[in-house]
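Residue-level structural notes
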Amino acid sequence: MILPLLVGLFLGAPLISREVEHGTHRFVWTQGVSRLRWALVKFGLVGAVTVLLAVVYALGVSWWYEPLAANGNGRFGYLWFDVQGIAPIGYTLFAVSQGIFAGTFARRVLPAMAVTLAGFAVVRIAVETLGRSRYMPAKTLNYGLASSQGPNPASSDWILSQGLRDGAGKLVRENAQVGCPPTNEDKSGASSCLEQMAHQGLGPGSHNWQVYQPGDRFWAFQSIETGIFLALAALLVFLAVRRIRHIA
């Protein structure tokens, strides 16, 4: 989880801020190489190393987690989604570009690292908690208390919210599901279970309700989230280049 941030802190943040803090930018930027060319070469080299690290890391974790995902854990869980697939590449490039941009403002290594840490945490948490579940419209599943048409655990769906609704559709219990024996398999057991549910206020028409993102959308969500962070990284690099031109 913190590897992309560490790369941003120790590769991105010092890239510009160390030069300015030590005063070596006066020598570097007054030679035959222009500031723009110097910046693009430095950013390109750091970006190439960053991509290589991120690809090896992401593919390694994806390979390691594959048996667990196939065993029903799924790939959408918080923390697990963030450390596999292609998303870590976007996170890492974003962290590095944020460190570079922070260095053009802070102009000292430690403040640049502090800004990178705070900014990375804020953006990552905001995207994960506010944006990710809305990348694509969620699906809704309604099924009876004694129905055999319930969700398939092997589908690795991402459950956003669930509960029990009464016959009028009102949410009676949140984060709860009832699984009585299907009536076509065990009539007596299903009848007894439904009677117990009726005593608890779940009468005729009551059903399980679930809002979810299908498990087969994993790579679509990975692509969307990676694209968001790559776009942010490109924007920060562009702004950093503009800032370099104005550093005295």
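For the structure itself, consult the block above.
Summary of the structure given here. These numbers come from a predicted model, not from an experiment.

Thresholds, definitions, all that
- Residues numbered from 1 in each chain as written.
- Predicted model: local features only at pLDDT ≥ 70, side-chain atom pairs only at ≥ 80, totals over all residues.
- Heavy atoms only, no water.
- Pairing = 2+ DSSP bridges.
- Helix = DSSP H or I, 4+ residues; strand = E, 2+ residues; numbered from the N terminus.
- Axes fitted to C-alpha atoms, helices over the stretch in contact; angles between N-to-C directions.
- Salt bridge = Lys/Arg side-chain N within 4 Å of Asp/Glu carboxyl O.
- Buried < 20%, exposed > 50% of the residue type's maximum accessible area, 1.4 Å probe, protein only.
- Expected span 1.5 Å × (residues − 1).
- Bend = angle between axes of the 7 residues up to and from the residue.
- Core = buried A, V, L, I, M, F, W, Y, C linked by side-chain atoms within 4.5 Å.
- Contact = heavy atoms within 4.5 Å.
- Patch = residues over 30% accessible without salt bridge, like charges linked within 9 Å, V, L, I, M, F, W, Y side chains within 5 Å.
- Areas by Shrake-Rupley, 256 points an atom, 1.4 Å probe, with all protein chains shown as cover.
- Phe/Tyr/Trp six-rings, centres within 6.5 Å; stacked < 30°, edge-to-face > 60°.
- Lys NZ or Arg CZ within 6 Å of the ring centre and 35° of its normal.
- Polar contact = N/O pair within 3.5 Å; in protein donor to acceptor, adjacent residues only side chain to side chain.

What follows deals with the sheet that holds strand E4 (residues 207-213). Taken in spatial order, the 4 strands of this open sheet run E1-E4-E2-E3, and their pairing is antiparallel. Every other strand in the sheet has two partners, leaving strand E1 (139-144) and strand E3 (171-174) as the edge strands with one partner each. The sheet shows a mean angle of 30 degrees between the axes of neighbouring strands, taken without regard to direction. As paired strands, strand E2 (residues 158-165) and E3 are joined by 3 bridges and run antiparallel to one another. Its bridge partner being in E3, Arg165 is matched across the sheet by Leu171.

Glancing now at the pattern of salt bridges. Scanning the entire structure with this criterion turns up 4 salt bridges. What emerges from the salt-bridge pattern is a single network uniting Asp82, Arg124, Glu128, Arg132 and Glu225.

Our next topic: the pairing of E4. In terms of burial, E4 is largely enclosed, as 7 of its 7 residues are buried. Every second residue of E4 is oriented toward a common face, with His207, Trp209, Val211 and Gln213 on one face and Asn208, Gln210 and Tyr212 on the other, all of them buried. Here E1 runs beside E4; their pairing, made up of 6 bridges, is antiparallel. Bridge assignment links Gly144 to a residue of E4, and that residue is His207. For E2 and E4, the ladder comprises 7 bridges, and the chain directions are antiparallel. Counterpart to Arg165 in the pairing with E4 is His207.

Even without glycine at this site, Arg107 takes up a positive phi of about 65 degrees. As for its position among the elements, Arg107 is in the loop between helix H4 (87-106) and helix H5 (109-131).

Turning our attention to helix H1 (residues 3-22). An ideal rise of 1.5 Å per residue puts 28 Å on 20 residues; H1 measures up with 27 Å between its terminal C-alpha atoms. The largest bend in H1 is about 50 degrees, located at Pro14. Immediately downstream of H1, the backbone of Gly23 shows phi near 80 degrees, a positive value.

Ile16, Phe43 and Ile100 are the most contacted members of the largest nonpolar core, which has 37 residues in total. Secondary-structure elements contributing two or more residues to this core are H1, helix H3 (35-73), H4, H5 and helix H7 (218-244). The contact partners of Ile16, leaving out residues within four places of it in the chain, are Trp38, Phe43, Ile100, Gly103, Thr104, Ile244 and Ile247. The next biggest cluster of nonpolar side chains, apart from the first, holds 8 residues, and it includes Leu145, Ala146, Leu164 and Cys180.

A cluster of nonpolar side chains, namely Met1, Ile2, Leu3, Leu6, Phe10, Tyr78 and Leu79, defines an oily patch on the protein surface of about 690 Å² accessible area. For Leu79, the position within the fold is in the loop between H3 and H4.

Before going further, it helps to examine the packing of aromatic side chains. Considering all chains together, one arrives at 14 aromatic pairs under this definition. Seen from their ring centres, Phe76 and Trp158 are 5.4 Å apart, and the 15 degrees between their planes marks the pair as stacked. In this pair, Phe76 is assigned in the loop between H3 and H4 and Trp158 in strand E2, connecting sequence segments 82 residues apart. Under the relative-accessibility criterion, Trp158 is labelled buried at 8%. With a centroid separation of 5.6 Å and an interplanar angle of 80 degrees, the aromatic rings of Phe81 and Phe218 are classed as edge-to-face. Of the two residues, Phe81 is situated in the loop between H3 and H4 and Phe218 in helix H7; the sequence distance between them amounts to 137 residues. Accessibility expressed as a relative area gives 0% for Phe81, which makes it buried. Using a relative accessible area of 4% as the deciding quantity, one classes Phe218 as buried. Taken together, the ring pairs connect Phe76, Phe81, Tyr135, Trp158, Phe218, Trp219 and Phe221 into an aromatic cluster. Above the ring of Tyr91, the side-chain terminus of Arg124 is found at 3.7 Å from the ring centroid.

Along the polypeptide, His207 turns up in strand E4. Of note is the side chain of His207, whose polar atom sits 3.5 Å from the side chain of Asn142.

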